[in-house]
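# Geometric and topological summary
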Amino acid sequence: MRVKIPDLLITTRKGAFVVLDGKHLELVAEQPKDFFYYGATFDSSYFYLADHDATDKKRQSTIHVFDKDFRKVNYIPTPCVKVHQILKLQNDLYKTDTGHDRIVIFRQGALKGDHFIEIDYLNTSADTRHINSIFVDTLPRLFICEHGRGDSVIRSYHLQEREKLYIPVGKEAHNVAWYKAERGLLMTNSSRAKSVLVFRLDETFYKHTQLNGFTRGLAITNDLIIVGTTVYRDDRKWSAPTDDHVAGINFLYRELNWIEKRYLPAIDNIHEIRALNEIDYAHKPQIGETDWSRIASGKLKAS
């Protein structure tokens, strides 16, 4: 590989790890027996990991706070259930409250969870659309990925105007980010397609790259697109490992040309990937780089 691989933070069924050189694992947060770590984000002082109960699907999720040496220093109770992706942006902490089909934003200074805003834009109060990812480029607009119980949808949601636009994107989508190289949205199509897709805002489907495995976890640096492939949910039905059934990290050039997959069989399922020592445009992009003049194209349908 002719480009440098960044250090990565990943959450898995086995705990949270830092991955060095794409293959050397260092366990930084051991997996408790009663929940998984799912969402991961960080700021200049702390790492934040969201838990997701493995047995009680109604249990409220907690945000676990670690210092830069990964010593646990705090925790944040939440009103959320089955939290997937989280995002620390400026002074706010965004959470996908998957169990309630909503986004919850903890406001500045609310590290004890006593002040938050609910964006219950679907008005369901139940896990019917399975919101699993959130991406923020230019506030106050969000991109939200709904896994769905049928077709998946990427929504553009405006906090102030309550504008809601959506793009149908196939089935079992995870992860959404602005893809500057192609002026569109980059996402993972996790189920049968096992691919990385690009949808342009003024068109529909644009291009894709096929991968082996259930795609989940996305990071974008100046040189690379980094995608996790993992064991599918019903992995207990499989009797022998194949390329599709071994967790690993895929590296692609920014043009979506696949380079290689580095296998990490010890970690089982990958939930999240964040680049640590380079700008990660899927995590915290350069604010304002999106061309929002194209968002109102007729190709996008009002919900």
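Below or above, wherever it landed, is the structure these notes cover. Treat the numbers as computed from the prediction; the structure is a model and nothing was measured. (Residues numbered from 1 in each chain as written. Predicted model: local features only at pLDDT ≥ 70, side-chain atom pairs only at ≥ 80, totals over all residues. Heavy atoms only, no water.)

For the protein chain, the count of helices and strands is zero helices and 25 strands. Burial analysis of the protein chain (303 residues in total) assigns 59% to the buried set. For the protein chain, restricting intrachain contacts to residue pairs at least 6 apart in sequence, the fraction spanning at least 24 positions comes to 47%. As displayed, the protein chain has an accessible area near 12800 Å², and 47% of this comes from carbon and sulfur atoms. (Helix = DSSP H or I, 4+ residues; strand = E, 2+ residues; numbered from the N terminus. Buried < 20%, exposed > 50% of the residue type's maximum accessible area, 1.4 Å probe, protein only. Contact = heavy atoms within 4.5 Å. Areas by Shrake-Rupley, 256 points an atom, 1.4 Å probe, with all protein chains shown as cover.)

Here we come to the nonpolar core. The biggest cluster of nonpolar side chains holds 26 residues, and the ones touching the most others in it are I154, L186, L218, I220, I225 and L256. Of all the secondary-structure elements, those providing two or more residues to this core are β13 (141-146), β16 (173-179), β17 (184-189), β18 (195-200), β20 (214-220) and β21 (224-230). Ranked by residue count, the leading element in this core is β16, at five residues. Those residues in contact with L186, other than ones at most four positions away along the chain, are N175, V176, A177, Y179, V196, L197, V198, L218, I220, I225 and L256. Within the second largest apolar cluster, 19 residues are counted, among which are L8, F17, V19 and L264. (Core = buried A, V, L, I, M, F, W, Y, C linked by side-chain atoms within 4.5 Å.)

As a further point, take the packing of aromatic side chains. Under the definition given, this model contains five aromatic pairs. With 5.2 Å between their ring centres and 45° between their planes, F66 and F70 make a pair best called tilted. By way of ring pairs, the aromatic residues F42, F47, F66 and F70 are connected into one cluster. Over the face of the ring belonging to F47 we find K68, whose NZ or CZ atom lies 4.3 Å from the ring centre. (Phe/Tyr/Trp six-rings, centres within 6.5 Å; stacked < 30°, edge-to-face > 60°. Lys NZ or Arg CZ within 6 Å of the ring centre and 35° of its normal.)

Moving on, we get to the sheet that holds strand β7 (residues 72-81). Pairing is antiparallel in the open sheet, where four strands are placed in the order β4-β5-β6-β7. With partners counted over all chains shown, the strands left at the sheet margins are β4 (35-42) and β7, one partner each. Between one strand and the next, the sheet's axes are offset by a mean angle of 25°, whatever the strand orientation. In this structure, strand β5 (residues 47-53) lies alongside strand β6 (residues 60-66), joined through four bridges in antiparallel fashion. By the bridge assignment, L49 is partnered in β6 with H64. (Pairing = 2+ DSSP bridges. Axes fitted to C-alpha atoms, helices over the stretch in contact; angles between N-to-C directions.)

Don't take any of this as a statement about function, it's just geometry.
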